[in-house]
Amino acid sequence: MSADPRLLPDDLRARYRDLLARWVALPSVAAEGRAQDQTAEAVATELRALGLDVAVHATAGAPVVFAERRVPGAPTVLFYNHYDVQPADPVELWTSDPFELAERDGKLFGRGATDDKGQLASRVVALEWLKRRHGGALPVGVVFVVEGEEEVGSPNMGAYVDAHRERLQADACVWEFGGVDAHDRPQLICGLKGIVSIDLTVRTGAYDQHSGLGPVVPNAAWRMAAAVASLRDAEGRALVDGFYDRVRPATDAEAAYVANAPREDDVVAANVGVERFLGGATGAEWHRRLQLEPVINVNGIHSGYGGPGMKTVLPVAAMAKLDVRLVPDQDPHEILGLIRAHLDRHGFGDVASTLAERPEHPSRVDPTHPWVRHAAAALEEAYGTPAVVTVSSGGSGPLHPFADVLGLPVVMIGVGHAQGRAHAPDENVRWVDVERGTYATVRLIERWAGVEPQG
Ligand SMILES: [Zn+2]
């Protein structure tokens, strides 16, 4: 009998490792369309073993694993996760095989160890633990939606939720990721930004020209540089008319969480090697920008010659890839239209703008919702330190269909940590976070459903 009730029982620890080892071995890289059916089946098998009714639903892309078990008279929690992963490249920078789980220094390494197979394994183990604590049966209803295209922008999740609205009815939702911040404090995230990816392209003539003609012949690289530079100022503020018009003011509760957020810019500056953040932002202002401000990003600019030595050429074509991170209530299609109007008004009618991917809407959950408060209390119980409530992540995901279409309160908690290297070589999850994060999930459900363990 263990003294600390938060410790994962030994057999569930072994179960976690075994689940993760089997899933990591399946190279379900969404961008390459690999091992999708096989991984969906592997996930379905484990959810069936939990006693859930499972169906693998076809979509226009990778299949979605759907599972449910309703409990009469009890509320239902929906878990959103994904079984796909990012490519393993560059493979040579991994210390061990990305598709073979390895254990070193209290961590488990492998592609998907944290994003998102390690999180999904924690949800499964949490439910097994819950059953054990409640006489062998789940004390709440459970629904799982495990998709296979999150890493390529969840292009079919909106349509999936629309089509299965009835079966997805639930009372609350646990999102696919979460964990501790750079100071190892438990983090509770309540929102995600929207995203619209835009390709800008320009052609200035029939073919590349000798640069001796530079005084008279237009140059596509200059055109693109000027068009991109017109979009925002040096401190990161967008210069597009109307861009900020629909930005919803923070509620008092949101503003208070941002204002009181513990300082993180110092650690992040050191981690990412930056001396000064945009706008000179530090402390609460750094959090405010990150959580509440929309932004126009340049992901890449390509034109002309970039090789060794010289090539005196006037490039005829240039392209730039942008992503715009949106906050409520900005609309992706309207933002695309505003950027188009801006380019036209500033004399860049020749610079074409097209959507590169299906956009995602921004979404935020009210941090004063009881589900969020129970999550904060469960985290404090599991970690022994108060949760840091984050109004919005800087990142994006298909939160809108779940939070706004299904109307679910959503919390983002889990087993990740700041050096978990999601999307990078040596992706990992720490045992200490698996222990605490899994226990926090168990306690969130018990607190929320008002059930305490038997015996
Ligand atoms: Zn990811």
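Cut-off values and rules
- Residues numbered from 1 in each chain as written.
- Predicted model: local features only at pLDDT ≥ 70, side-chain atom pairs only at ≥ 80, totals over all residues.
- Axes fitted to C-alpha atoms, helices over the stretch in contact; angles between N-to-C directions.
- Helix = DSSP H or I, 4+ residues; strand = E, 2+ residues; numbered from the N terminus.
- Parallel < 35°, antiparallel > 145°, perpendicular 65-115°, else oblique.
- Left-handed = near helix turned anticlockwise from the far one by under 90°.
- Contact = placed C-beta atoms within 7 Å.
- Nonpolar A, V, L, I, M, F, W, Y, C, P; charged D, E, K, R; others polar.
- Pairing = 2+ DSSP bridges.
- Core = buried A, V, L, I, M, F, W, Y, C linked by C-beta atoms within 7 Å.
- Buried ≥ 20, exposed ≤ 12 C-beta atoms within 10 Å, placed from the backbone.
- Domains from an automatic or database assignment.
- Expected span 1.5 Å × (residues − 1).
- Arc of directions from axis to C-beta.

Engineer: Is there a simple way to think about the packing of helix α3 (residues 117-133) against helix α12 (residues 431-449) in this case?
Structural biologist: To characterise two packed helices, one gives the angle between the axes of the helices and the distance between these axes. Two elements in contact, α3 and α12, have axes whose closest approach is 9 Å; the angle formed by their N-to-C orientations is 55 degrees. Our classification of the angle between α3 and α12 gives oblique. As for the relative orientation of α3 and α12, their crossing is right-handed in sense. Between α3, through Ser122, Arg123, Val125, Ala126, Trp129 and Leu130, and α12, the contact on the second element is made entirely by Val434, Gly437, Thr438, Thr441, Val442 and Ile445. In the contact of α3 with α12, the residues fall into seven nonpolar, four polar and one charged.

Engineer: Help me understand the sheet that holds strand β18 (residues 388-390) in this model?
Structural biologist: Backbone-to-backbone hydrogen bonds join strands into a sheet, with any given pair of strands oriented parallel or antiparallel. An order of β8-β9-β18 is seen for the three strands of this open sheet, with the pairing classed as mixed. Where the open sheet ends on each side, the last strands, each with one partner, are β8 (179-180) and β18. Note that β8 and strand β9 (residues 186-189) share two bridges and pair antiparallel. Within β9, the position partnered with Val180 by the bridge is Pro186.

Engineer: So what exactly am I meant to see when it comes to the nonpolar core here?
Structural biologist: Across soluble globular proteins, you tend to see nonpolar side chains buried next to one another. Membership of the largest hydrophobic core comes to 113 residues, with the highest contact counts inside it found for Val65 and Leu188. Composition of this core by domain shows at least three residues from each of domain 1 (10-191 + 363-449) and domain 2 (194-247 + 294-355). With near-sequence residues (within four places) excluded, Leu188 lies in contact with Val372, Ala375, Ala376, Leu379, Ala387, Val388, Val389, Thr390, Val411 and Ile413.

Engineer: Sorry, what's going on with the packing of helix α1 (residues 10-24) against α3 here?
Structural biologist: Look at α1 against α3: their axes get within 9 Å of each other, and the N-to-C directions meet at 145 degrees. In the packing of α1 onto α3, the handedness of the crossing is right-handed. Only Lys117, Gly118, Ala121, Ser122, Val124, Val125, Glu128 and Trp129 of α3 make contact with α1, whose side of the interface consists of Leu12, Arg15, Tyr16, Leu19, Leu20, Trp23 and Val24. Split by residue class, the contact of α1 with α3 holds 10 nonpolar, two polar and three charged.

Engineer: Is there a simple way to explain the environment of His342 in this structure?
Structural biologist: Summarising the element assignment, His342 is placed in helix α9 (residues 332-345). According to the C-beta neighbour criterion, His342 is buried, with 20 such atoms within 10 Å. In the structure, His342 is positioned 288 residues away from Val54 in sequence and 49 Å away in space, judged by C-alpha atoms. If we skip the residues at most four places from it in the chain, His342 touches Val240 and Asp241.

Engineer: Looking at this structure, I do not really get α1. What am I missing?
Structural biologist: The α-helix winds at 3.6 residues per turn, so residues separated by three or four positions along the chain end up facing the same way. For α1, spanning 15 residues, the distance from its first C-alpha to its last is 21 Å, which sits close to the expected 21 Å at 1.5 Å a residue. Listed in full, the buried residues belonging to α1 are Tyr16, Leu19, Leu20, Trp23 and Val24. Projected down its long axis, α1 carries its buried residues within an arc of 120 degrees, all on one side. Residues of α1 that are exposed and point more than 90 degrees away from the buried face comprise Asp10, Asp11, Ala14 and Asp18. Considering only its buried residues, α1 is in contact with α2 (36-49), β5 (107-109), α3 and α12.

Engineer: Help me understand α9 in this model?
Structural biologist: Helix length check: α9 (14 residues) gives 20 Å between terminal C-alpha atoms against 20 Å at 1.5 Å per residue, within 8%. Among the residues of α9, Pro332, Ile335, Ile339, His342 and Leu343 are the ones counted as buried. Within α9, the buried residues cover an arc of 95 degrees as seen down the axis, which keeps them to one side. Turned more than 90 degrees from where α9 packs its buried face, His333 and Arg345 sit exposed. Packed against the buried residues of α9 are β11 (194-203), α5 (220-229), β15 (317-326) and β16 (352-355). Positive phi appears at Gly347, one or two residues downstream of α9, with a value of about 80 degrees.

Engineer: Would you mind going over the pairing of strand β3 (residues 76-82) with me for this structure?
Structural biologist: As a general feature of sheets, a regular strand has side chains that alternate between the two faces. Summarising burial for β3: seven of the seven residues are buried, a large majority. The alternating pattern of β3 places Thr76, Leu78, Tyr80 and His82 on one face and Val77, Phe79 and Asn81 on the opposite face, and all of these are buried. Where β3 and strand β7 (residues 172-174) come together, three bridges link them in parallel fashion. Bridge pairing links Phe79 to Val174 in β7.

Engineer: Is there a simple way to think about the domain arrangement of the chain in this case?
Structural biologist: Size of an interface: often given as the accessible area lost when the parts come together. The domains assigned to the chain are domain 1 (10-191 + 363-449) and domain 2 (194-247 + 294-355). Relative to domain 2, the C-alpha centre of domain 1 lies at a distance of 37 Å. Each side of the interface is counted separately: domain 1 has five residues, and domain 2 has five residues. Here the side of domain 1 that touches domain 2 is built from residues that sort into no nonpolar, four polar and one charged.

Engineer: Mind showing me how you'd approach the pairing of β11 here?
Structural biologist: In terms of burial, β11 is largely enclosed, as seven of its 10 residues are buried. Bridging between β11 and β15 involves 10 bridges; their strand directions are antiparallel. Residue pairing in the sheet places Ser197 in a bridge with Asp323 of β15. In this structure, β11 lies alongside β16, joined through four bridges in antiparallel fashion. Considered in β16, the bridge of Leu200 is made with Ser353.

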